Amino acid sequence: LLGNTHLLNTPLEINFSESYIKQLKEPLSADSLDRYHKLEARFKDNRIDVKANLQIDSANTVEGWFRMDLGSGSTITLSNETTSALNLAGIRKAYFETQAGGIGGSSEEFELRAEKFGMVDTLENLVIDCSLNKKGALSSGRPYVGIIGNEIWSLYDIIFRHAYGRYRPYGHLRRLDYQRTL
C-alpha cells in the first residue's frame, strides 16, 4: 500500500500510458496541460475525491463526490447508502459474496450495466458494482457516493495538485488513445 501522506505535498503525476507515478517538483506550466481536462477535486484526510456523475438508466442517476481508489480493479463501486437510495428493482443484476473483499474482510455486492459515467468526458455501457456491505468503506455515512477504480483511471494520465499556499486543489486528466470495453 502506498499512502497519500507524503505524495500529496507536491503535484502528483500518475501516468498509465508509460506506467509510472511521479512527484513533480513544481506545478506543470499551462502549455504542458494543454491536452489535459480540468477535473474538480477535493483532498481531505489524505484522500482524493472527484466530482462525477453516473446514469444507470433513465430513472437512476447519481451525482456527487467519488473517491479515487487506486487499489480497486473495478470501474465504479457505489456505496451501500447510494445503492439503497436507487430504484433498481427491474434491472438485471449478478450477485457476489466473497470472504476477501478488500482490507476490511468479506464483501457482498451485485454488478449491473450502467448507461453512462462522466468526469471530464463520458464513458458508455459499463459494468459497475453496487455494495451491500453494512460496514467498511462502502457502507453508509461516507462523504462520497462510491469509488472509482483502475478500470476507469487506467484510461487516463492524471495530474493532481493538493491545495497548498494560495492554490486550490485540482486534477487534470488526459484521455489515452486506446479504447477498451468496460
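This structure is a prediction, so every number in the text was calculated from the model and none was measured. (Residues numbered from 1 in each chain as written. Predicted model: local features only at pLDDT ≥ 70, side-chain atom pairs only at ≥ 80, totals over all residues. Heavy atoms only, no water.)

Undergrad: I'd like to hear about the side chain of S131, residue by residue, with values.
TA: Within the secondary structure layout, S131 lies in strand 10 (residues 122-131). Judged by its relative accessible area of 1%, S131 is buried. A distance of 3.0 Å separates a polar atom in the side chain of S131 from the backbone nitrogen of N133. (Helix = DSSP H or I, 4+ residues; strand = E, 2+ residues; numbered from the N terminus. Buried < 20%, exposed > 50% of the residue type's maximum accessible area, 1.4 Å probe, protein only. Polar contact = N/O pair within 3.5 Å; in protein donor to acceptor, adjacent residues only side chain to side chain.)

Undergrad: Would you mind going over the pattern of salt bridges in detail, with residue names and values included?
TA: Where charged atoms from two side chains of opposite charge come close, those side chains can pair. Taken as a whole and judged by the stated rule, the model has four salt bridges. A salt bridge links D49 to R67; the nearest nitrogen and oxygen atoms lie 2.6 Å apart. In this pair, D49 is assigned in strand 5 (residues 47-57) and R67 in strand 6 (residues 60-68), connecting sequence segments 18 residues apart. Judged by its relative accessible area of 2%, D49 falls in the buried class. Assessed through its relative accessible area of 13%, R67 is described here as buried. As a salt-bridge pair, R174 and D157 come within 2.5 Å of each other at their nearest N and O atoms. With R174 in strand 13 (residues 170-175) and D157 in strand 12 (residues 156-161), the pair connects residues that are 17 residues apart, well separated along the chain. Classification of R174 as buried rests on a relative accessible area of 16%. Since its relative accessible area comes to 1%, D157 is described here as buried. What emerges from the salt-bridge pattern is a single network uniting R42, D49 and R67. (Salt bridge = Lys/Arg side-chain N within 4 Å of Asp/Glu carboxyl O.)

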